[in-house]
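The primary structure of each chain is shown beneath.
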Amino acid sequence: MLSTQKNRQIFQLLVAICLIGLSAVWPVRPAPVWAGSQSTIPSSDSLAGCGGPIFASSNEAFEQEIVRLTNQIRLDNGLPPLKSVEPLVNAARFHATDMSEENYFSHTGHDRVDGELVEVCNWGDRLSTYYSNAQWRSENIAAGYDTPARVMDGWMNSDGHRRNILSPNNWEIGVGYFQGSGSYRHYWVQDFGRRLDIYPAIINGEAPTTDDGILSIHVYGEWNEIRLRVDQGEWSDWQPFALPLQWQLKAAAGEHTIEVEMRTESKSANASDTIYLTQDTAEPELNALPDSITFYYDPEDETASPDRYTIQPLAVGGDPDYSWQVVADVPWLNISPGQGSSTEVVTLAPAVAGANGGSDQATVTVSLLKSGGTVIAEKVIAVSLAAKGDSFAIFVPLISGK
């Protein structure tokens with residue numbers, strides 16, 4: 001007789017293996033499209049049948065850790081990460097809650113009728129309630145384990161569960177955890193799937209945050225070209241499709257949405273993912289600068305008006321990783337200082353002594369550089385030196401007659 005907690009856990013895994021073996025042959029049935037996000041309090045009514053209600057997690061951090069560990073194991077085995085999607089999360093949370101509150105352990109859903117457990121829903125129908133248009137589905141369940149690490153170790157030491165975790169057929173995942181009144185207290189569900197014409201994008205193995213903004217993006221499907229944009233900004237140029245897509249996120253701290261567009265000669269698709277940037281990685285920008293500057297030269301006293309013009313390349317504090325420089329393409333325009341790394345004001349002054357009174361044109365280039373000399377922003381200013389009082393006279397010839 002199985003009396004110890006350890007033996008109960010072994011028995012739980014054996015039950016799960018037996019049931020999960022049926023997943024490959026269970027037909028995929030049509031289901032309504034999932035909608036809604038408001039959570040429901042578990043009750044005998046909300047737990048009845050094949051699901052539909054959306055339950056909150058007992059511990060979202062536990063669920064996220066299961067996703068992280070799953071994706072790390074897949075990456076260690078040369079497989080792409082899975083994307084956590086709300087329909088599968090809701091399906092998994094329903095079943096974890098149902099097993100706990102109805103006090104049973106099975107892939108098949110049960111209800112309590114007059115105090116007795118009655119089978120009411122196979123696992124495939126339950127998933128279809130939440131997850132539509134599925135091409136592939138599978139499920140792992142466990143109970144009694146009190147940490148994500150322990151339940152993952154149990155699953156990975158079971159051939160059937162390991163196959164689901166490492167299946168290349170799975171592209172998406174949802175994890176549900178519930179701690180409640182059931183005999184085993186802790187109930188875990190991993191639901192896996194792949195949907196028709198859905199090509200997930202996953203940032204940094206589905207990590208919720210990044211400190212440095214360095215992104216490794218995996219996109220499912222086979223494509224010829226791909227491009228990217230951040231927070232609905234400008235699209236990058238199209239580039240050959242290659243995995244993983246590497247991207248440096250330069251932005252303010254906060255949540256950011258990365259959208260990718262993929263295409264072949266015959267089809268295209270979009271996908272997106274979000275990540276929270278914990279630290280500001282935005283590069284400084286050049287300050288607002290004029291498009292053109294004009295100096296007027298007075299040949300009588302050999303002076304220019306104005307005698308100088310000032311610009312400020314940067315409007316924010318200095319950063320040792322960045323510098324700026326200001327360069328003119330003519331010798332008659334003096335620039336001081338010509339470079340810096342903070343909010344210095346730059347003076348542009350024409351050298352007009354001996355000028356011939358004609359007009360001269362110059363170009364001033366203001367550059368923002370990253371350490372190592374890489375130019376990350378540039379502004380070109382047109383500068384003119386014009387003779388003061390230039391005018392045109394029209395003479396009407398004298399007409400005389402006899």
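The structure we're discussing is the one just above.
Note that the structure is a prediction, hence the values are computed from the model and not measured. (Residues numbered from 1 in each chain as written. Predicted model: local features only at pLDDT ≥ 70, side-chain atom pairs only at ≥ 80, totals over all residues. Heavy atoms only, no water.)

Draft legend 1. Spotlight on the overall build of the protein. For the protein, the count of helices and strands is 6 helices and 23 strands. Counting every position in the protein, which comprises 402 residues, the buried fraction comes to 44%. For the protein, long-range pairs separated by at least 24 residues make up 66% of all intrachain contacts whose partners lie at least 6 apart in sequence. (Helix = DSSP H or I, 4+ residues; strand = E, 2+ residues; numbered from the N terminus. Buried < 20%, exposed > 50% of the residue type's maximum accessible area, 1.4 Å probe, protein only. Contact = heavy atoms within 4.5 Å.)

Draft legend 2. The arrangement of the sheet that holds strand β21 (residues 346-350) in detail. Taken together, 3 strands build an open sheet; the order of strands is β17-β21-β19 and the sheet is antiparallel. Each edge of the open sheet carries a strand with a single partner, namely β17 (309-311) and β19 (333-336). Within the sheet, the average angular offset between the axes of one strand and its neighbour, ignoring direction, is 20°. Bridging between β19 and β21 involves 4 bridges; their strand directions are antiparallel. Bridge pairing in β21 links Ser336 to Thr347. (Pairing = 2+ DSSP bridges. Axes fitted to C-alpha atoms, helices over the stretch in contact; angles between N-to-C directions.)

Draft legend 3. Spotlight on the pattern of salt bridges. Taken as a whole and judged by the stated rule, the model has 11 salt bridges. For Arg150, the salt bridge is made with Asp146, and the minimal N-O distance between the two is 2.6 Å. On the basis of relative accessibility, which here comes to 48%, the residue Arg150 falls in the partly exposed class. Relative accessible area serves as the criterion here: at 33%, Asp146 is assigned to the partly exposed category. Its salt-bridge partner being Arg308, residue Asp307 comes within 3.7 Å of it at the nearest N-O pair. (Salt bridge = Lys/Arg side-chain N within 4 Å of Asp/Glu carboxyl O.)

Draft legend 4. How the structure looks around the nonpolar core. Counting 42 residues, the largest nonpolar core has Trp155, Ile165, Trp188, Ile217, Val219, Val260 and Met262 as the members making the most contacts within it. The next biggest cluster of nonpolar side chains, apart from the first, holds 24 residues, and it includes Ile293, Tyr322, Trp332 and Leu333. (Core = buried A, V, L, I, M, F, W, Y, C linked by side-chain atoms within 4.5 Å.)

Draft legend 5. Region of the structure containing the packing of aromatic side chains. A complete count under the given rule lists 9 aromatic pairs for this structure. Look at Phe94 and Tyr130: their rings are 6.2 Å apart centre to centre, the planes differ by 45°, and that puts the pair in the tilted class. Within this pair, whereas Phe94 is found in helix α3 (residues 86-102), its partner Tyr130 is found in helix α4 (residues 123-130), the two being separated by 36 residues in sequence. Take Phe94: its relative accessible area is 1%, and that puts it in the buried class. Take Tyr130: its relative accessible area is 2%, and that puts it in the buried class. Within the aromatic cluster, the residues linked to one another by ring pairs are Trp171, Tyr199, Tyr220 and Trp223. The cationic tip of Arg137 hangs over the ring face of Trp123; the distance from NZ or CZ to the ring centre is 5.8 Å. The ring of Trp238 carries Arg263 above its face, with NZ or CZ at 3.7 Å from the centroid. (Phe/Tyr/Trp six-rings, centres within 6.5 Å; stacked < 30°, edge-to-face > 60°. Lys NZ or Arg CZ within 6 Å of the ring centre and 35° of its normal.)

Draft legend 6. Molecular detail of the sheet that holds strand β11 (residues 239-240). In space, the 5 strands of this open sheet follow the order β8-β14-β13-β10-β11, with mixed pairing throughout. Whereas interior strands pair on both sides, the edge strands pair on one side only; in this sheet they are β8 (209-210) and β11. Relative to strand β14 (residues 268-277), strand β13 (residues 254-263) is paired through 10 bridges, and the arrangement is antiparallel. Its bridge partner being in β14, Arg263 is matched across the sheet by Ser268.

Draft legend 7. Structural view of the state of the cysteines. Using the criterion set out here, one finds 1 disulfide in the structure. Put simply, Cys50 and Cys121 are joined by a disulfide, and their sulfur atoms are 1.9 Å apart. Taking the torsion about the S-S bond as the criterion, the Cys50 to Cys121 disulfide, at about 110°, is right-handed. Here Cys50, found in the loop between α1 (5-20) and α2 (60-76), pairs with Cys121, found in strand β3 (residues 116-121); they are 71 residues apart in sequence, far enough to count as distant. Since its relative accessible area comes to 23%, Cys50 is described here as partly exposed. (Disulfide = S-S within 2.5 Å.)

Draft legend 8. Broad picture of the environment of Gly124. Its location among the elements puts Gly124 in helix α4. Gly124 gets classed as buried once you look at its relative accessible area, which sits at 3%. Sequence spacing of Gly124 and Ser138 is 14 residues, and the spatial spacing of their C-alpha atoms is 8.5 Å.

Draft legend 9. Representation of the side chain of Glu261 within the structure. Mapped onto the elements, Glu261 comes out in strand β13. The class of Glu261 is buried, set by a relative accessible area of 16%. Polar side-chain contacts of Glu261 include one of 2.8 Å to the side chain of Arg227. Those residues within four positions of Glu261 in sequence are excluded, and the remaining contacts are Glu225, Ile226, Arg227, Trp235, Trp238, Ala269 and Asn270. (Polar contact = N/O pair within 3.5 Å; in protein donor to acceptor, adjacent residues only side chain to side chain.)

Draft legend 10. Structural view of a nonpolar patch on the surface. A cluster of nonpolar side chains, Val113, Val118 and Val120, forms an exposed patch at the surface whose accessible area comes to about 190 Å². The exposure class assigned to Val118 is partly exposed, which follows from its relative accessible area of 33%. (Patch = residues over 30% accessible without salt bridge, like charges linked within 9 Å, V, L, I, M, F, W, Y side chains within 5 Å. Areas by Shrake-Rupley, 256 points an atom, 1.4 Å probe, with all protein chains shown as cover.)

Draft legend 11. Geometry of the packing of α2 against helix α5 (residues 148-156). For the pair α2 and α5, the least separation of the axes is 9 Å and the interaxial angle reads 40°. When the axes of α2 and α5 are compared, the pair comes out oblique. Handedness of the α2/α5 crossing: right-handed. Across from Phe62, Glu65, Ile66, Leu69, Thr70 and Ile73 in α2, the residues of α5 making contact are Pro148, Ala149, Val151, Met152, Trp155 and Met156. (Parallel < 35°, antiparallel > 145°, perpendicular 65-115°, else oblique. Left-handed = near helix turned anticlockwise from the far one by under 90°.)

Draft legend 12. Molecular detail of unusual backbone geometry. Between Leu243 and the following residue, Pro244, the backbone shows a cis peptide bond with an omega angle of -10°. With respect to the helices and strands, Pro244 occurs in the loop between β11 and β12 (245-248). Residue Ser305 is joined to Pro306 through a cis peptide bond whose omega torsion reads -10°. Tracing the backbone shows Pro306 in the loop between β16 (303-305) and β17. Phi is positive for Asp114, close to 55°, though the residue is something other than glycine. Following the sequence through the fold, Asp114 ends up in the loop between β2 (109-113) and β3. With a relative accessible area of 78%, Asp114 lands in the exposed category.

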